[in-house]
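Per-entry structural report
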Amino acid sequence: MTKRTDLALEARELWQESAQRTTRLSGVKATKTKREGYPITRVDILDERGEEALGKPQGSYLTIDLTAYWKRKEDYFDRAVRAVGSHLKDLSLPDGPALVVGLGNRAMTPDAVGPLTLESVLVTRHLLAAMPRQFAGFRPVAAFGTGVLGSTGVESAEAVRGLVEEVHPAFVIAVDALASRRTGRVCATVQLSDTGIVPGSGVGNHRSALNRETLGVPVYALGVPTVVDAVTLAADLLEEAGEDSLGEERLRGEREQFMVTPRDIDQQVRELSKVLGYGINWALQDLEIAEMTALLG
């Protein structure tokens, strides 16, 4: 039974579990570091062998463990912003204008990471056009919330493709909610990648991809896992209890779109969306966090 996850870190874990660690995972390199007090795991998928093993395209995937964020230690917000922003820079963002895209449904809290992140992104493209001398030190940044197909009738990829053709950004940053296989990683991790994103993949509702091939410019993805697939969670719990031979067919038959999310998801999504927005500003503009707050306020 395939366990659902959007995190490359967890895809690697699942491969290791299925192989029972008896074979070497070819085409994948993983390293662990720490920045601003938060642990970082970087998974680089190097070739087609790695793509096949993990089911993800070649590229770099960085997972920031923000579990300590919720302990509210000194400068926890500022440190999280710097960790996200500096690692986004590490993905080698090109020079030039940026387009930040918020994917998801604002009316559904677990799917509202993208739209809420845009509230904290410093939008400057129009300011540079109107007052180029006063804002000469800023990078041009535009932001766009795609909405969802059910309410707009327009695929996110279609809307973003048209906007890219009109605005001509050097690159796109796409922000979306993700799915994890572990409840401990829900609203406690951030994944960054340079491979683009497939909207809706976390809940099994795959839409057209946003990547270099579809948009013609590099696409960087940021995401926070906000849900766990119920069947994936149940299967993991059965295995931990030593009941791995029970329930697979039963679970498979009952797996119709049940997702698990924390009861305080509203607060957690709003806080982490602010971290992502400020982290994007940190990567794109030469500003301190207090200056971002003043400009956004």
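Structure's up top.
Read on for an overview of the structure. (Residues numbered from 1 in each chain as written. Predicted model: local features only at pLDDT ≥ 70, side-chain atom pairs only at ≥ 80, totals over all residues. Heavy atoms only, no water.)

**What about the nonpolar core?**
In a soluble, globular protein the nonpolar side chains are often hidden away together inside. Here is the rule: The criterion is simple. A nonpolar core is a set of buried Ala, Val, Leu, Ile, Met, Phe, Trp, Tyr and Cys residues joined through side-chain atoms within 4.5 Å. In this scheme, a residue with accessible area under 20% of its type's maximum is buried, one over 50% is exposed, and one in between is partly exposed, where area comes from a 1.4 Å probe on protein chains only. Numbering of helices and strands starts at the N terminus; helices are DSSP runs of H or I of at least 4 residues and strands are runs of E of at least 2. By definition in these notes, contact holds between two residues if any of their heavy atoms fall within 4.5 Å.
Leu88, Val100, Ile173, Leu192, Leu222, Ile280 and Leu284 are the most contacted members of the largest nonpolar core, which totals 49 residues. Among the elements that make up this core, the one with the highest residue count is helix H11 (residues 265-284) (10 residues). Leaving out residues up to four positions away in the same chain, isoleucine 280 has contacts with Leu88, Val100, Thr117, Val121, Ile173, Val175 and Leu222.

**So, the side chain of arginine 79**
Relative to the helices and strands, arginine 79 is located in helix H3 (residues 76-90). Apart from residues no more than four positions distant in its own chain, arginine 79 is found in contact with Glu36, Gly37, Tyr38, Lys73 and Glu74.

**Comments concerning the environment of arginine 4**
Here is the rule we go by: Any pair of N or O atoms that falls within 3.5 Å is considered a polar contact. Within protein, one atom must be able to donate a hydrogen and the other to accept it, and sequence-neighbouring residues count only if both atoms are side-chain atoms.
In this fold, arginine 4 is placed in the segment before helix H1 (8-19). Residue arginine 4 is classed as buried on the basis of its relative accessible area, which comes to 17%. Considering only alpha carbons, one finds arginine 4 and serine 180, 176 residues apart in sequence, at a separation of 7.1 Å. Reaching out from arginine 4, the side chain makes a polar contact with the side chain of aspartate 229 at a distance of 3.4 Å.

**What about the packing of aromatic side chains?**
As a reminder, the rule being used: Put simply, two rings from Phe, Tyr or Trp (the six-membered ring, in Trp's case) pair if the centres are within 6.5 Å, and we call them stacked under 30 degrees between planes, edge-to-face over 60, tilted for the rest. For a ring to carry a charge above it, either NZ of a lysine or CZ of an arginine must fall within 6 Å of the ring centroid while also lying within 35 degrees of the normal to the ring plane.
Summed over all chains, the structure comprises five aromatic pairs. For the ring pair tyrosine 69 and tryptophan 70, a centre distance of 5.0 Å and an interplane angle of 80° mean the geometry is edge-to-face. Overall, tyrosine 69 belongs to the buried group, its relative accessible area being 1%. Above the plane of the ring of phenylalanine 77 lies lysine 274, whose end atom (NZ or CZ) is 5.4 Å from the centre.

**Section: the pattern of salt bridges**
Stated precisely, the cut-off is as follows: The term salt bridge refers to a pairing of a side-chain nitrogen on Lys or Arg with a carboxyl oxygen on Asp or Glu at a separation within 4 Å.
Counted according to the given criterion, the structure contains 10 salt bridges. For the salt bridge of aspartate 229 with arginine 4, the shortest nitrogen-to-oxygen distance reads 3.4 Å. Here the residue aspartate 229 occupies a position in strand S8 (residues 219-229), and arginine 4 occupies one in the segment before H1, the gap between them amounting to 225 residues. An identical accessibility class is assigned to aspartate 229 and arginine 4; each is buried. The salt bridge partner of glutamate 271 is arginine 72, with a shortest N-O separation of 2.7 Å. Here glutamate 271, found in helix H11, pairs with arginine 72, found in the loop between strand S3 (59-65) and H3; they are 199 residues apart in sequence, far enough to count as distant. Overall, the relative accessible area of 33% leaves arginine 72 in the partly exposed class. Here the salt bridges share partners, and the residues they tie into one network are Glu10, Glu13 and Arg185.

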